[in-house]
Amino acid sequence: MRRRAASALAIALVLTGGAVSGCSASVDIDAPGTELMDQAHQVANEALVAAATTGLQALQAAGGVTEDAVRGVLEKAGAADVETRVAGDSLLFGAGVSGGCVYGSVGASGTVSIDLGGVNADGGCLREE
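Just so we're clear, the structure is a prediction, and the values are computed from it rather than from any experiment.

About the thresholds
- Residues numbered from 1 in each chain as written.
- Predicted model: local features only at pLDDT ≥ 70, side-chain atom pairs only at ≥ 80, totals over all residues.
- Heavy atoms only, no water.
- Salt bridge = Lys/Arg side-chain N within 4 Å of Asp/Glu carboxyl O.
- Helix = DSSP H or I, 4+ residues; strand = E, 2+ residues; numbered from the N terminus.
- Buried < 20%, exposed > 50% of the residue type's maximum accessible area, 1.4 Å probe, protein only.
- Contact = heavy atoms within 4.5 Å.
- Disulfide = S-S within 2.5 Å.

A. Structural detail: the pattern of salt bridges. Scanning all chains against the criterion turns up 1 salt bridge. Two residues, Arg71 and Asp68, come together in a salt bridge whose shortest N-O distance is 2.7 Å. Within this pair, Arg71 and its partner Asp68 are both found in helix α4 (residues 67-77), separated by 3 residues, close to a single helical turn.

Spelled out as C-alpha cells, the structure:
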C-alpha cells in the first residue's frame, strides 16, 4: 500500500511538472511585513537606503514623482529588479538588494517611507501596503 502511494505521488509530480526539493536562504520568509533581514545585510545596505531616500526626497521636492523616475533613483542607488505600483495618492516601490529587499512609498503629501526587509512570501519585494 505504501509503495502504491509513493508511486502515485511520483506520477502526480511528473504529470504536473512538480518537484520536491529543499531550500534555504539567509533571509527569513514569512507573511509580508514580518520578514527579517540579518544585521550584516542591514548595515551593508545603509548607504543604499540613504542615497535612495535623498534621491526620492529630491524627486518629491521637484514634483517629478513618476514610476520611471522612482525606478531610476532606486537603480542608481544600487537596487535591482525595481517594481512600482500606484496605490491611492502614493507610489509604492520594492526592489532587490543584498540579503533581501528595499521597499516603501512616495506620497503625494510629501512623505517618503523606505525600509529594508526580507522578500515577500511570493519571492518579490513589492509590498501590498
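After that view, the rundown keeps rolling.
B. Focus on the side chain of Gln60. Its location among the elements puts Gln60 in helix α3 (residues 46-62). Note on Gln60: relative accessible area 18%, which makes it buried. If near-sequence neighbours (up to four positions away) are discounted, Gln60 is found in contact with Val65, Val106, Gly107, Gly110, Thr111 and Val112.

C. Representation of the state of the cysteines. This model, assessed by the stated rule, comprises 1 disulfide. A sulfur-sulfur separation of 1.9 Å characterises the disulfide bridge that pairs Cys101 with Cys125. Here the disulfide of Cys101 and Cys125 is left-handed, its torsion about the S-S bond being about -65°. Of this pair, Cys101 sits in strand β3 (residues 100-107) while Cys125 sits in the segment after β4 (112-117), and the two are 24 residues apart along the sequence. On the basis of relative accessible area, Cys101 is assigned to the buried category, the value being 0%.

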